[in-house]
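Chain by chain, the residues run as shown.
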Amino acid sequence: AVPRTRILATGGASHNKKILQVLSDVFNVPVYTIDTANSACLGSAYRAIHGLVAETNVSLADVVKLAPEPRLAVTPTAGAEEV
């Protein structure tokens, strides 16, 4: 099961595991990534699809279910929340 609270990292920094680990440790949540070249365009495309199907009462959550599954990149370091 995917945790309710998580970070989805995209863009250039999402390829840097050390940056992802800092995010995970600071927020004490797992960090996931998706393998897409331009995540801003991808988000815009999903909003456009949602707009096209708005009359059918399809939720944005249902539209985004078509998105590629994020991959777990890092989890919080044990004890990081105490630092």
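Look up a bit, the structure's there.
Everything quoted here is computed from the prediction, not taken from an experiment.

As a further point, take the overall build of the protein. If you tally the helices and strands in the protein, you get 3 helices and 3 strands. Across the protein, helices and strands are ordered from the amino to the carboxyl terminus as β-α-β-α-α-β. Since a compact globule built from 83 residues should have a radius of gyration of about 12 Å, the 15 Å found for the protein marks it as more spread out than a globular shape. Referenced to the eigenvectors of the C-alpha coordinate spread, the extents of the protein come out at roughly 50 × 25 × 15 Å. When burial is assessed residue by residue, the protein has 23% of its 83 residues classed as buried. One finds the centroid of the 7 positive side-chain charges in the protein at a distance of 3 Å from the centroid of its 7 negative side-chain charges.

Moving on, we come to the environment of Thr56. Inspection of the secondary structure puts Thr56 in the loop between α2 (39–52) and α3 (60–64). Judged by relative accessible area, Thr56 falls into the exposed class, the value being 54%. Between the C-alpha atom of Thr56 and that of Ala40, which follows or precedes it by 16 residues, the distance is 25 Å. Polar contacts involving the side chain of Thr56 include one to the main-chain carbonyl oxygen of Val53, which spans 2.5 Å.

Before going further, it helps to spend a moment on a nonpolar patch on the surface. Where nonpolar side chains cluster on the molecular surface, the patch consists of Val22, Val26 and Phe27 and spans about 320 Å² of accessible area. Mapping Val26 onto the fold places it in helix α1 (residues 17–27). Looking at Val26, the relative accessible area reads 58%, which means it is exposed.

What counts as what
Per chain, residues are indexed from 1 in the order of the written sequence. With pLDDT at 70 or above as the cut-off, local features in this predicted model cover only qualifying residues; side-chain atom pairs require 80 or more to be listed or tallied, and sums for whole chains, interfaces and linings still use all residues. Computation of side-chain values covers all heavy atoms of the structure but excludes hydrogens and water. Working definition: helices are DSSP H or I runs of at least four residues, strands are E runs of at least two. Numbering for both runs from the N terminus. Radius of gyration means the value over C-alpha atoms here, while the globule rule gives 2.2 Å times the residue count to the 0.38 power. Relative accessibility under 20% of the residue-type maximum defines a buried residue, over 50% an exposed one, and the middle range a partly exposed one, all with a 1.4 Å probe and only protein chains included. Counting rule applied: Lys, Arg positive; Asp, Glu negative; His and chain ends not counted. Every charge is mapped to an atom, namely NZ of Lys, CZ of Arg, CG of Asp or CD of Glu. Within 3.5 Å is the distance limit for a polar contact, defined as a pair of N or O atoms, with the added protein rule that one can donate a hydrogen and the other accept it, and that residues adjacent in sequence qualify only through two side-chain atoms. A patch is a set of surface residues, each over 30% in relative accessible area and not in a salt bridge, joined within 9 Å for like charges and within 5 Å for the nonpolar side chains Val, Leu, Ile, Met, Phe, Trp and Tyr. Surface accessibility in these figures is a Shrake-Rupley result with a 1.4 Å probe; residues are shielded only by whichever protein chains are displayed. Within this document, salt bridges are pairs made up of a side-chain nitrogen of Lys or Arg and a carboxyl oxygen of Asp or Glu, the two lying within 4 Å of each other.

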